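Listed here are the chains, written in short residue letters.
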Protein chains: 2
Amino acid sequence: MDPRLIPVKLPSSQYDICIHSAEGPSGHSLIQLGSQMRARGLSGKALVVSHPVIAKHFAAGLMQGLQTAGFTAQLCLLPAGERFKTPRSIAKIHDAALAFGLERSSTLIALGGGVIGDMAGFAAATWLRGIPFVQVPTSLLAMVDASIGGKTGVNHPKGKNLIGAFHQPRLVWIDPTVLKTLPGREFSSALAEVIKYGVIQAPDVFEFLEDRPKLSRYADFTPADLQHLLVRSAECKAWVVQQDEKEGGLRAILNYGHTLGHALESVTHYRRYLHGEAVAIGMVAAGEIAQRIGWWSVAEAERQRRLIEKAGLPSQWPTGIPWEAVLQAMQADKKVKQGRIRFILPHQIGQAELTDQVNLEQVRAAVEAITAA
Amino acid sequence: MDPRLIPVKLPSSQYDICIHSAEGPSGHSLIQLGSQMRARGLSGKALVVSHPVIAKHFAAGLMQGLQTAGFTAQLCLLPAGERFKTPRSIAKIHDAALAFGLERSSTLIALGGGVIGDMAGFAAATWLRGIPFVQVPTSLLAMVDASIGGKTGVNHPKGKNLIGAFHQPRLVWIDPTVLKTLPGREFSSALAEVIKYGVIQAPDVFEFLEDRPKLSRYADFTPADLQHLLVRSAECKAWVVQQDEKEGGLRAILNYGHTLGHALESVTHYRRYLHGEAVAIGMVAAGEIAQRIGWWSVAEAERQRRLIEKAGLPSQWPTGIPWEAVLQAMQADKKVKQGRIRFILPHQIGQAELTDQVNLEQVRAAVEAITAA
Ligand SMILES: NC(=O)c1ccc[n+]([C@@H]2O[C@H](COP(=O)([O-])OP(=O)(O)OC[C@H]3O[C@@H](n4cnc5c(N)ncnc54)[C@H](O)[C@@H]3O)[C@@H](O)[C@H]2O)c1
Ligand SMILES: NC(=O)c1ccc[n+]([C@@H]2O[C@H](COP(=O)([O-])OP(=O)(O)OC[C@H]3O[C@@H](n4cnc5c(N)ncnc54)[C@H](O)[C@@H]3O)[C@@H](O)[C@H]2O)c1
Ligand SMILES: [Zn+2]
Ligand SMILES: [Zn+2]
């Protein structure tokens with residue numbers, strides 16, 4: 001398959017998302033990244049931030065390609081997991097940057113899921129007031145969402161993603177074949193964000209997913225189908241980001257399913273659901289609200305629910321969650337103002353809009369309606 | 001005296017430097033900042049970062065003005081001094097931001113010298129991926145240099161200003177009368193940067209300083225003279241920053257006197273000289289080099305030396321500093337490449353240029369020539 005380039009044009013910068021499947025014995029295309037970086041004017045030192053599991057699978061080819069292209073490359077490994085997405089880890093990357101002698105013209109490369117991408121991006125944003133940065137997302141979530149848009153950052157002990165900066169990458173390099181080793185639940189969870197693009201802006205993506213015989217695992221997709229999915233997802237996210245780089249307005253539609261999704265993650269202490277699973281339930285709830293206030297047809301809301309289930313995602317609100325806790329979580333999230341709550345709701349598949357015309361009673365009724373019996 | 005506005009126009013943003021002397025019994029003009037911020041579209045919460053000594057002198061009026069203008073304001077005090085310019089202090093500001101509930105539309109205000117300004121600016125750059133920021137510089141160095149240009153950041157244990165970001169303020173509010181309480185040596189030290197503007201780009205500033213009967217202390221200036229000095233300094237720095245926001249090229253001329261100045265600060269472990277004092281010696285050395293290679297006249301180099309001394313600044317290289325240590329410091333500073341060294345050198349008062357046509361022997365000879373007997 002031919003590689004695909006998706007250009008991202010922002011007021012502050014311009015770069016490509018390159019989607020390139022492995023061919024030949026190397027098993028992945030990361031060996032070509034070095035020469036692609038050279039072609040984009042990068043050179044000198046490159047510090048690759050990753051974590052041990054990912055590095056074991058993919059670092060060797062990447063490092064070799066960098067060296068062949070004339071880079072002096074070094075690995076900086078951090079422990080995996082959201083709980084290490086902290087200022088402490090940024091300090092570790094900065095220590096490695098200093099020891100390795102990263103200069104203003106050097107490059108930081110993120111090789112990993114969204115956690116590694118967010119951290120390496122923030123470290124790049126804040127080293128010598130900003131150095132070049134390249135994303136090599138290895139999780140489906142990072143490919144379709146986290147690696148695109150320039151949001152970088154870490155968590156504060158009391159809240160997610162509170163500390164961060166906008167810092168656009170010079171290149172996003174996506175090789176779908178690295179998803180082979182991604183745990184199945186992670187794959188399925190990330191499909192929630194793809195379904196989201198379908199509902200808020202891309203009916204073709206929605207129908208494409210409906211038309212697949214199966215879609216909950218990597219192995220359910222042909223290489224061509226997976227590439228198509230990644231290309232369209234990247235285009236969707238890039239389009240929104242191009243309209244609204246710093247999240248002034250339109251970018252808010254990306255929060256479809258996230259108002260209740262975040263609340264559900266929070267009240268279940270980020271343990272019960274992966275992010276995409278909670279978003280899936282949040283989308284079903286938003287669909288229910290949209291349908292009840294007459295914005296959306298019953299038939300399309302039902303199509304959304306079926307697609308979510310087909311992707312192996314949960315579609316029911318869990319039992320035993322006190323409504324007060326959900327309310328509190330939404331309030332902490334600044335989504336509630338004077339009894340009104342801001343929601344992104346669909347009018348039809350492919351079109352959604354921000355509204356504050358929803359009251360809390362309607363939300364509660366919708367949540368009850370989709371709660372497991 | 002009428003307040004003076006100096007507009008700064010950058011590709012990414014536009015803001016004013018406002019120079020406004022105290023009038024009336026309040027003793028300073030900071031009480032007006034709140035309404036000026038309102039006039040620029042800011043509102044909501046304002047977190048004022050300062051340190052105890054400064055806050056004792058100036059916070060009350062500032063806070064009162066903020067409240068009168070409808071802001072909810074709170075103070076966040078940090079210990080004073082360069083050694084607290086660390087990621088740890090940024091974490092403290094972020095903790096305060098969280099506890100106070102700073103939102104994306106809230107404002108962080110730096111009330112202090114360059115240390116407070118750099119830290120508060122970096123905290124603002126990295127809270128919620130960047131929130132509005134206002135500079136209220138209280139040291140002469142911060143007024144003429146640090147508060148203008150959008151460089152923010154903190155030190156790494158192994159190097160100054162390695163961690164940081166560009167983040168432009170929404171407003172820089174300068175009240176010259178707050179300098180009354182600034183220690184005399186700090187005042188005099190900052191004059192080195194003003195003399196620097198004179199040599200590299202502003203002959204009128206140089207001559208203005210030459211024409212003052214005395215100039216080493218706050219009390220040596222009339223209010224009108226001090227305002228003129230601050231206006232011209234801000235214009236000089238703003239002009240360079242407008243040509244080159246992210247330090248791609250021209251901005252390097254601001255490093256006049258800093259190549260050897262930094263080295264001298266480093267080999268004396270940042271204890272013997274204030275920054276401006278080391279820069280003063282660095283400018284004398286650069287002048288000596290420029291004169292020896294035929295770029296600059298003996299007479300003008302001599303005028304520079306006399307003005308530096310008149311400002312109460314040192315003009316001789318200290319004895320007993322091993323040349324090897326100086327060399328090493330310049331190398332660590334990335335100023336040396338293959339025996340050649342990058343220098344900003346003057347052609348005439350008001351015009352300087354970057355050159356790598358200086359060799360290390362010439363530097364050494366110049367340093368020896370200006371060393372105290
Ligand atoms: N910056 C943004 O715009 C943005 C958008 C969405 C999410 N995020 C952030 O992204 C993070 C979530 O990203 P994520 O879901 O990728 O989490 P993650 O980075 O923790 O990765 C999930 C798990 O999959 C593993 N993994 C990743 N790729 C693999 C592969 N190819 N083979 C085997 N294992 C692999 C990781 O080691 C990890 O255990 C969150 O911190 C979230 O805040 C950021
Ligand atoms: N961002 C930039 O572009 C830039 C440019 C130059 C320097 N800097 C940074 O600025 C810092 C130096 O700034 P500085 O010289 O203002 O140091 P500083 O902030 O430490 O202030 C010097 C001393 O003066 C005191 N002080 C300040 N204002 C006072 C007042 N009105 N009355 C009484 N005491 C007062 C402070 O408490 C401190 O003890 C360094 O960290 C340097 O890296 C940044
Ligand atoms: Zn999401
Ligand atoms: Zn300086």
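Owing to the predicted nature of the structure, the values given are computational and were not obtained by experimental measurement.

Enquirer: Describe the site of ligand 2, listing the residues and the values that go with them.
Expert: Residue and element names in this part refer to chain B. Looking at ligand 2, there are 23 residues lining it, with His 51, Glu 82, Gly 114, Ser 139 and Thr 181 nearest. Within the contact set of ligand 2, a nitrogen atom lies 2.9 Å away from a side-chain nitrogen or oxygen of Asp 118. Between Ser 139 and ligand 2, the recorded distance is 2.5 Å, taken from a side-chain N or O atom to an oxygen atom. Breaking the shell around ligand 2 down by element, the ones donating at least two residues are helix H2 (52-68), helix H4 (114-126), helix H5 (140-146) and strand E8 (159-166). A per-class count over the shell around ligand 2 returns 8 nonpolar, 7 polar and 8 charged.

Enquirer: Run through the coordination of the zinc ion (ligand 3), naming residues and quoting values.
Expert: All names here are of chain A. Donor atoms from the polypeptide that bind the zinc ion (ligand 3) are Glu 193 (OE), His 258 (NE2) and His 275 (NE2), placed at 2.0 to 2.1 Å. The sequence pattern describing where the donors of the zinc ion (ligand 3) fall on their chain is E-x64-H-x16-H. In this pair, Glu 193 sits in helix H6 (residues 184-200) while His 258 sits in helix H9 (residues 258-267), placing the two residues 65 residues apart along the sequence.

Enquirer: Mind laying out the side chain of Gln 304 of chain B, listing which residues take part and the relevant values?
Expert: All names here are of chain B. One can find Gln 304 in helix H11 (residues 298-310). Since its relative accessible area comes to 1%, Gln 304 is described here as buried. Here Tyr 256 takes part through its side chain, which lies 2.6 Å from a polar atom of the side chain of Gln 304. Excluding residues that lie within four positions of it along the chain, Gln 304 makes contacts with Val 199, Phe 206, Tyr 256, Met 283, Val 284, Gly 287 and Trp 296.

Enquirer: Quick rundown of the site of ligand 1? Include the residues and the values.
Expert: Residue and element names in this part refer to chain A. The environment of ligand 1 is made up of 23 residues, and the closest members are His 51, Glu 82, Gly 114, Ser 139 and Thr 181. The separation between a nitrogen atom of ligand 1 and a polar side-chain atom of Thr 138 is 2.8 Å. A distance of 3.4 Å is found between a nitrogen atom of ligand 1 and a backbone nitrogen or oxygen belonging to Ala 146. Protein coverage of the free-state accessible area of ligand 1, which is 860 Å², stands at 84%. Taken together, the elements giving at least two residues each to the shell around ligand 1 come down to helix H2 (52-68), helix H4 (114-126), helix H5 (140-146) and strand E8 (159-166).

Enquirer: Talk me through the sheet that holds strand E11 (residues 340-348) of chain B; I want residue IDs and the actual numbers.
Expert: All names here are of chain B. Across the sheet, which stays open at both edges, the 3 strands sit in the order E10-E11-E12 with antiparallel pairing between neighbours. Edge strands, defined here as strands with exactly one partner in the open sheet, are strand E10 (336-337) and strand E12 (351-359). Pairing analysis gives 2 bridges linking E10 to E11, with the strands arranged antiparallel. Paired with Lys 337 across the two strands is Arg 340, which belongs to E11.

Enquirer: Describe in detail the packing of helix H12 (residues 323-332) of chain B against helix H13 (residues 360-369) of chain B, supporting the description with residues and values.
Expert: The relative placement of two packed helices is expressed as an angle between their axes plus a distance between the axes. Residue and element names in this part refer to chain B. Remark: H12 packs on H13, axes separated minimally by 12 Å, with the N-to-C direction vectors making an angle of 125°. Accordingly, the angle class assigned to the pair H12 and H13 is oblique. The element H12 and its partner H13 pack so that their crossing is right-handed. Along its contact with H12, which presents Trp 323, Leu 327 and Met 330, the element H13 presents Leu 360, Val 363, Arg 364 and Val 367. Of the residues belonging to the contact of H12 with H13, the class tally is 6 nonpolar, no polar and 1 charged.

Enquirer: Break down the coordination of the zinc ion (ligand 4) for me, citing the residues and quoting the values.
Expert: All names here are of chain B. At 2.0 to 2.1 Å from the zinc ion (ligand 4) lie its protein donor atoms, namely Glu 193 (OE), His 258 (NE2) and His 275 (NE2). Mapping the donors of the zinc ion (ligand 4) onto the primary sequence gives the spacing E-x64-H-x16-H. Highlighted residues: Glu 193 in helix H6 (residues 184-200) and His 275 in helix H10 (residues 275-292), separated in sequence by 82 residues.

Enquirer: Which residues make up the packing of aromatic side chains, and what values go with them?
Expert: What the rule picks out here adds up to 2 aromatic pairs over all chains. Between the aromatic rings of Phe 187 of chain A and Phe 221 of chain A, the centroid separation amounts to 5.8 Å while the plane-to-plane angle is 55°, which identifies the pairing as tilted. Of this pair, Phe 187 of chain A sits in helix H6 while Phe 221 of chain A is found in the loop between helix H7 (203-211) and helix H8 (223-243), placing the two residues 34 residues apart along the sequence. For the pair Phe 187 of chain A and Phe 221 of chain A, one class covers both residues: buried. In this structure, Lys 45 of chain B packs its charged tip against the face of Phe 100 of chain B, placed 5.4 Å from the ring centre. The ring centre of Phe 208 of chain B lies 4.0 Å from the NZ or CZ of Arg 212 of chain B, which sits over that ring.

Enquirer: Kindly report on the relation of the copies chain A and chain B, identifying the contributing residues and their values.
Expert: Once chain A has been moved 0.1 Å along the axis and rotated by 180°, it coincides with chain B to within an RMSD of 0.0 Å. With respect to symmetry, the two chain copies, as superposed, fit the operation of a two-fold axis. Mapped onto chain B, 100% of the interface residues of chain A again fall at the interface, so both copies present the same surface.

Enquirer: Could you give an account of the domain arrangement of chain A, naming the residues involved and the relevant values?
Expert: Residue and element names in this part refer to chain A. Split into domains, chain A comes out as domain 1 (4-181) and domain 2 (184-369). A C-alpha centroid distance of 27 Å is found between domain 1 and domain 2. On the side of domain 2, 24 residues touch domain 1, which itself brings 27 residues to the contact. Where domain 1 abuts domain 2, roughly 2400 Å² becomes buried across the two surfaces, and 68% of that area is made up of carbon and sulfur atoms. The largest per-residue losses of area from domain 1 upon contact with domain 2 belong to Leu 140, Val 144 and Phe 166, which jointly make up 24% of the total buried on that side.

Enquirer: Please provide a residue-by-residue account of the interface of chain A and chain B, values included.
Expert: Listed as interface residues are 25 residues of chain A and, on the opposing side, 25 residues of chain B. Summed over both partners, the interface of chain A with chain B comes to about 2100 Å²; 58% of that surface belongs to carbon and sulfur atoms. Looking only at chain A, the three residues that lose the most surface to chain B are Leu 98, Arg 129 and Leu 162 of chain A, adding up to 32% of its buried area. Joining chain A to chain B, the criterion identifies 0 salt bridges. The tally of links between chain A and chain B comes to 6 residue pairs in polar contact (both at pLDDT 80 or more). Ranked by residues supplied to the side of chain A that touches chain B, first place goes to E8 of chain A with 6 residues. In the side of chain A that touches chain B, the residues fall into 9 nonpolar, 7 polar and 9 charged.

The rules behind each value
For every chain, the first residue of the written sequence is number 1, and numbering continues from 1 onward in sequence order. Lettering of chains starts at A and numbering of ligands starts at 1, both following the order in which they are written. Per-residue local features are limited, in this predicted model, to residues with pLDDT of at least 70; the limit for side-chain atom pairs, both in listing and counting, is 80 or more; totals at the level of whole chains, interfaces and linings are taken over all residues. Computation of side-chain values: all heavy atoms of the structure, hydrogens and water removed. By convention in these notes, a residue is near a molecule or strand provided one of its non-hydrogen atoms lies within 4 Å of it. Contacts described as polar in this section are N or O atom pairs within 3.5 Å, which, within protein, must combine one atom able to donate a hydrogen with one able to accept it, while residues neighboring in sequence count only if both atoms come from side chains. Secondary structure elements are taken from DSSP: a helix is a run of H or I of four residues or more, a strand is a run of E of two residues or more, and numbering for both begins at the N terminus. Polar here means any residue outside two lists: the nonpolar Ala, Val, Leu, Ile, Met, Phe, Trp, Tyr, Cys and Pro, and the charged Asp, Glu, Lys and Arg; Gly therefore counts as polar. Only nitrogen, oxygen and sulfur atoms count as donors, using a 2.8 Å cut-off from the metal that widens to 3.2 Å for Na, K and Ca. Water is left out, so coordination shells may look unfilled. Only protein chains enter the area calculation, which uses a 1.4 Å probe; residues under 20% of their type maximum are buried, those over 50% are exposed, and those in between are partly exposed. Working rule for contacts: check all heavy atoms of both residues, and any pair within 4.5 Å makes them a contact. Here the Shrake-Rupley method, with its probe set to 1.4 Å, supplies the accessible areas, and only the displayed protein chains count as covering residues. Pairing between strands is defined by DSSP: at least two bridges between the two strands are required. Axis lines are fitted through C-alpha atoms, for helices just across the contact stretch, and the angle between N-to-C directions can take any value from 0 to 180 degrees. Each angle receives one of four descriptions, namely roughly parallel if under 35 degrees, roughly antiparallel if over 145, roughly perpendicular if within 65 to 115, and oblique otherwise. Left-handed describes a crossing in which the near helix is turned anticlockwise from the far one by less than a right angle; the clockwise case is right-handed. Centres within 6.5 Å are what make two rings of Phe, Tyr or Trp a pair, Trp counting through its six-membered ring; a difference in plane orientation under 30 degrees is then read as stacked, over 60 as edge-to-face, and the rest as tilted. Only when the NZ of Lys or the CZ of Arg is both within 6 Å of the ring centre and within 35 degrees of the ring normal is a charge said to sit over the ring. To superpose the copies, least squares is applied to the C-alpha atoms of every residue with a pLDDT of at least 70 in both. These domain limits were set by an automatic method or by a database of domain assignments. Summed over both partners, the accessible surface that disappears when two parts come together, traced with a 1.4 Å probe, is what is meant by buried area. Take a side-chain nitrogen of Lys or Arg and a carboxyl oxygen of Asp or Glu: if they are within 4 Å of each other, that pair is a salt bridge.

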